[in-house]
Amino acid sequence: MNEDLVLIKEAKKAREAAYAPYSNFLVGAAMLGESGKVYLGCNIENASYGASNCAERTALFKAVSEGEKRFVKIAIVGAKRGEAPKDLCPPCGICRQVMLEFCDPETFQILLEENQTLRTYLLKDLLPYSFGPTNL
Ligand code: THU
């Protein structure tokens, strides 16, 4: 199995830990750091809805807190509870912005799956005309 499909598989595993009692939409992410290490994340919701965290940021914040600050790619899967991921689960705008802080938009890949077909996007295409660290 190639590296991208392994990452998708790991994202599906991470999704099993999702804490999403309010939306019942479970998301998993697997982020590959430049060190070669993979960091897993799931969405973690809160009774105060705004305090919830997406799977992507969970993975990224875990990684940064462990010393990894540059990343190669991320795989993301999501679906309602009780359903297997089938549709694309694109990262939300806040997660795209957080990725920009730690990932090169020209090369960082966002791996999504649609009906078992892998689709690869570049951060620069999902966050055009961005404001990031290079603007300061
Ligand atoms: N969610 C993620 O974790 N990542 C995404 O890419 C999209 C949305 C979460 C946030 C919330 O817990 C639930 O999915 C429904 O929006």
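Residues numbered from 1 in each chain as written. Predicted model: local features only at pLDDT ≥ 70, side-chain atom pairs only at ≥ 80, totals over all residues. Heavy atoms only, no water.

A. How the structure looks around the pattern of salt bridges. If you walk through the whole model with that rule in mind, you get eight salt bridges. In this structure, Lys37 and Glu66 form a salt bridge, with 3.1 Å as the shortest nitrogen-oxygen distance. Taken together, the positions of Lys37 in the loop between strand 1 (25-33) and strand 2 (38-42) and Glu66 in the loop between helix 2 (55-65) and strand 3 (71-80) put the pair 29 residues apart, joining distant regions of the chain. In this structure, Lys86 engages Asp87 in a salt bridge whose closest nitrogen and oxygen atoms are separated by 3.4 Å. A relative accessible area of 45% places Lys86 in the partly exposed class. Given the relative accessible area of 48%, Asp87 is considered partly exposed. Ionic contacts of the salt-bridge type, sharing partners, join the residues Glu3, Asp4 and Lys73 into one network. (Salt bridge = Lys/Arg side-chain N within 4 Å of Asp/Glu carboxyl O. Helix = DSSP H or I, 4+ residues; strand = E, 2+ residues; numbered from the N terminus. Buried < 20%, exposed > 50% of the residue type's maximum accessible area, 1.4 Å probe, protein only.)

B. A look at the layout of surface pockets. Its boundaries defined by the atoms lining it, the largest pocket holds a volume of some 160 Å³. Lining the largest pocket are 14 residues, and of these Phe25, Val27, Asn43, Cys54 and Ala55 sit closest to its centre. Elements with a contribution of two residues or more to the lining of the largest pocket: strand 1 and helix 2. Across the lining of the largest pocket, the residue classes tally to eight nonpolar, four polar and two charged. (1 Å grid on protein atoms, 1.4 Å probe; cavity = no way out; pocket = protein on both sides within 12 Å on 5 of 7 lines; lining within 4 Å. Points joined across faces, edges and corners; volume = space filled by probe spheres on them. Nonpolar A, V, L, I, M, F, W, Y, C, P; charged D, E, K, R; others polar.)

C. Representation of the site of the ligand within the structure. As a matter of local geometry, the ligand sits amid Ser23, Phe25, Val27, Asn43, Glu45, Cys54, Ala55, Glu56, Cys89, Pro90, Pro91 and Cys92. A distance of 2.5 Å separates an oxygen atom of the ligand from a polar side-chain atom of Glu56. Isolated, the ligand exposes 370 Å² of accessible area, and the fraction of that covered by the protein chains is 77%. Using a 2 Å cut-off from the grid points, one finds that the ligand occupies the largest pocket. When contributions to the shell around the ligand are tallied by element, the ones reaching two or more residues are strand 1 and helix 2. Of the residues belonging to the shell around the ligand, the class tally is eight nonpolar, two polar and two charged. (Near = heavy atom within 4 Å. Polar contact = N/O pair within 3.5 Å; in protein donor to acceptor, adjacent residues only side chain to side chain. Areas by Shrake-Rupley, 256 points an atom, 1.4 Å probe, with all protein chains shown as cover. Sits in = over half its atoms within 2 Å of the grid points.)

D. Layout of the nonpolar core. If you look at the biggest cluster of nonpolar residues, it comprises 24 residues, and the most contacted ones within it are Met31, Phe71, Met99, Phe108 and Ile110. Elements supplying a minimum of two residues to this core: strand 1, helix 2, strand 3, helix 3 (93-102), strand 4 (109-114) and helix 4 (123-126). At five residues, the largest contribution of residues to this core is made by helix 3. Leaving out residues up to four positions away in the same chain, Phe71 has contacts with Met31, Leu32, Gly33, Glu34, Tyr39, Leu60, Ala63, Val64, Phe102, Cys103 and Phe108. Grouped together as the second largest cluster of nonpolar side chains are eight residues, Leu7, Ala30, Leu32 and Val77 included. (Core = buried A, V, L, I, M, F, W, Y, C linked by side-chain atoms within 4.5 Å. Contact = heavy atoms within 4.5 Å.)

E. Quick look at the side chain of Thr58. Examined against the element boundaries, Thr58 turns out to sit in helix 2. Relative accessible area serves as the criterion here: at 11%, Thr58 is assigned to the buried category. Separated by 2.9 Å, the side chain of Thr58 and the backbone oxygen of Cys42 make a polar contact. Leave out the neighbours within four places in its chain, and Thr58 touches Gly41, Cys42, Ile44 and Asn53.

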